[in-house]
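Residues per chain, in single letters:
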Amino acid sequence: MVSMKDIAKRCGVSVATVSKALNGHSDISEATRQTVREKAREMGYFPNSSARALKTNRSFNLGVLFTDRAGNGLTHDYFGHVLDSFKVAAEARGYDLTFINTNRTSRKMTFLEHSRYRGVDGVVVANVDFDRDEVMELVRSDLPVVTIDYSADSKPSVVSDNIKGMRDLVSYVISMGHKRIAYIYGGDESVVTRNRVGSFYQTMNEAGLSVPDEYVVRGDYRNPDLCRECTAELLSLREPPTCILYPDDLSAVGGYNAVRERHLSIPGDISLAGYDGINLAKIMEPQLTTIEQDTTAIGRTAAAKLIGMIEHPKATLIEKVIVEGKLLEGGSVGRLN
């Protein structure tokens, strides 16, 4: 294994100079820094992580707390893309990732205990039940933590603009001539769900449109089967809606199935719209009208905020960064005369 001493000998400088060059110190010339780094790259030098941790008092390892109650794991289209973006951004800054859980030893650990056990420098928290005591124990701890799609008073957060996203979606549907609009919403009590439902009602009210109680149905995220059943119920109403909104694009597949089981057409007989803008939505026939969330920006921003907390703790701002999505018109919402 190549050492700094080997590089120093090859470059004709001291080991201290090599260390300064590789660690970005400013008290050596740029020419020397470039020479040392090029020689280190040529010789295949990689810093020893244990030695670097002892020297910097950091592990250069970030924890990821991601628990999906539906068991989708990283196949979850939205959060999978968010975490992939987070991973790319973190690795570009020299950090590795460790997933945080509670069952790594014979004794069950809390999320905070496992974070300390793994020696992570900070944790990103996404898609968890923030009402759980052990989740909030981690969020309120002295570890650097950034939350995604949840705002905590004590830590920075990165959230998708679900209020504006739903407003844009409903406004578009109304602009297409629809007045009888139903909403099958996600089946949890998260801030994301509450904001989307609230924004749906608010946008309808501002347009002077009433929403019958039977038009707002509790469904579930990423559950096409349940949303197919909900769609069938809506289509069976004495006065069915002309457009149905879904909690996410995958759930909208259930809506497509329910419509076709009745030998109806989309959007000729009924219009449908989803949320998230996953790849599946872009290949459905007709292409699904939806809100595309900017998963790249969300993940990249979360990584930047967390690494900033770690590397510049005194400059940390407890702020909520809101990332807007964009409307994809698709072809599943028809225009009514």
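First things first, this report covers the structure right here in the doc. (Residues numbered from 1 in each chain as written. Predicted model: local features only at pLDDT ≥ 70, side-chain atom pairs only at ≥ 80, totals over all residues. Heavy atoms only, no water.)

1. Notes on the sheet that holds strand β11 (residues 320–323)
Think of a sheet as strands paired side by side through backbone hydrogen bonds, with each pair either parallel or antiparallel. Pairing in this open sheet of six strands is parallel, and the strands run β2-β1-β3-β4-β5-β11 from one edge to the other. For this open sheet the edge positions go to β2 (96–99) and β11, each flanked by a neighbour on one side alone. Within the sheet, the average angular offset between the axes of one strand and its neighbour, ignoring direction, is 20 degrees. Two strands pair when backbone bridges link them, and strand β1 (residues 61–66) and β2 are joined in this way by four bridges, in the parallel orientation. (Pairing = 2+ DSSP bridges. Helix = DSSP H or I, 4+ residues; strand = E, 2+ residues; numbered from the N terminus. Axes fitted to C-alpha atoms, helices over the stretch in contact; angles between N-to-C directions.)

2. Topic: the packing of aromatic side chains
Under the definition given, this model contains seven aromatic pairs. Geometrically, the ring pair formed by tyrosine 78 and phenylalanine 79 is edge-to-face, given 4.7 Å between the ring centres and 65 degrees between the ring planes. Each member of the pair, tyrosine 78 together with phenylalanine 79, is buried. Ring geometry for phenylalanine 130 and tyrosine 150: centres 3.9 Å apart, planes at 5 degrees, overall stacked. Pair noted here: phenylalanine 130 is in the loop between β3 (122–126) and α7 (133–139) and tyrosine 150 is in the loop between β4 (145–148) and β5 (157–160), with a separation of 20 residues, a long-range link. On the basis of relative accessibility, which here comes to 9%, the residue phenylalanine 130 falls in the buried class. (Phe/Tyr/Trp six-rings, centres within 6.5 Å; stacked < 30°, edge-to-face > 60°. Buried < 20%, exposed > 50% of the residue type's maximum accessible area, 1.4 Å probe, protein only.)

3. Quick look at the pattern of salt bridges
A complete count under the given rule lists 16 salt bridges for this structure. Salt-bridge contacts for glutamate 261 lead to arginine 228; the nearest nitrogen and oxygen are separated by 3.7 Å. Of the two residues, glutamate 261 is situated in helix α11 (residues 249–261) and arginine 228 in helix α10 (residues 224–235); the sequence distance between them amounts to 33 residues. Each of Lys164, Asp168 and Glu324 takes part in salt bridges that share partners, so that together they form one network. (Salt bridge = Lys/Arg side-chain N within 4 Å of Asp/Glu carboxyl O.)

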